[in-house]
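# Remarks on the overall topology
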Amino acid sequence: KFEEPFYMTDKVVPVVTRSNELDDSTLQSGECVRKSGVSPQHTPATKIWFGRVSNDPGHRSPPHHHEGAKQVAMSLKGHGRIYFGEDFNPHSSVYY
């Protein structure tokens, strides 16, 4: 954990997160298993979450948003849709 507040003038060093160090304290969405690799649990960054999300085929995560953060999706296997915007419409599709 990093102490708050963290200022850009503070010394910044690279953070390496190994697969056995992924954090699973992120709130889960239904049947999705979320493990973070880049998040406030690992770095002083507060507006980013990057990790692995696993779920069964056909799963739909409940609507949610990431306040003030940019969103990125990448599929390592299979495909999915990321809904966004007002009323969670439109969407972007991601494919492996």
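Relevant structure appears above.
The notes below deal with the structure included here. (Residues numbered from 1 in each chain as written. Predicted model: local features only at pLDDT ≥ 70, side-chain atom pairs only at ≥ 80, totals over all residues. Heavy atoms only, no water.)

Further remarks concern the overall build of the chain. Secondary structure summary: the chain contains zero helices and four strands in total. Reading the chain from its N end, one meets helices and strands in the order β-β-β-β. Classification of the 96 residues of the chain by burial places 14% in the buried group. As displayed, the chain offers around 8,300 Å² of accessible surface, 54% of which is attributable to carbon and sulfur atoms. (Helix = DSSP H or I, 4+ residues; strand = E, 2+ residues; numbered from the N terminus. Buried < 20%, exposed > 50% of the residue type's maximum accessible area, 1.4 Å probe, protein only. Areas by Shrake-Rupley, 256 points an atom, 1.4 Å probe, with all protein chains shown as cover.)

Moving on, we get to a nonpolar patch on the surface. A contiguous nonpolar surface patch, about 610 Å² in accessible area, is contributed by V38, I48, F50, V72, M74 and L76. Of note, L76 is situated in the loop between β2 (50–54) and β3 (79–83). Take L76: its relative accessible area is 59%, and that puts it in the exposed class. (Patch = residues over 30% accessible without salt bridge, like charges linked within 9 Å, V, L, I, M, F, W, Y side chains within 5 Å. Salt bridge = Lys/Arg side-chain N within 4 Å of Asp/Glu carboxyl O.)

Let us now look at the side chain of S39. If you trace the backbone, S39 turns up in the loop between β1 (33–38) and β2. Within polar-contact distance, the side chain of S39 engages the side chain of S36 at 3.1 Å. (Polar contact = N/O pair within 3.5 Å; in protein donor to acceptor, adjacent residues only side chain to side chain.)

Moving on to the environment of P14. The topology assignment puts P14 in the segment before β1. By relative accessible area, P14 is classed as exposed at 76%.

On to the environment of A69, then. One can find A69 in the loop between β2 and β3. A69 sits in the partly exposed class, given a relative accessible area of 24%. For the pair formed by A69 and I48, sequence separation is 21 residues and the distance between their alpha carbons is 6.0 Å.

Within the secondary structure, H79 is located in strand β3. Residue H79 is classed as exposed on the basis of its relative accessible area of 65%. Along the chain, H79 and V94 lie 15 residues apart, while their C-alpha atoms are 5.4 Å from each other. Those residues within four positions of H79 in sequence are excluded, and the remaining contacts are V94 and Y95. (Contact = heavy atoms within 4.5 Å.)

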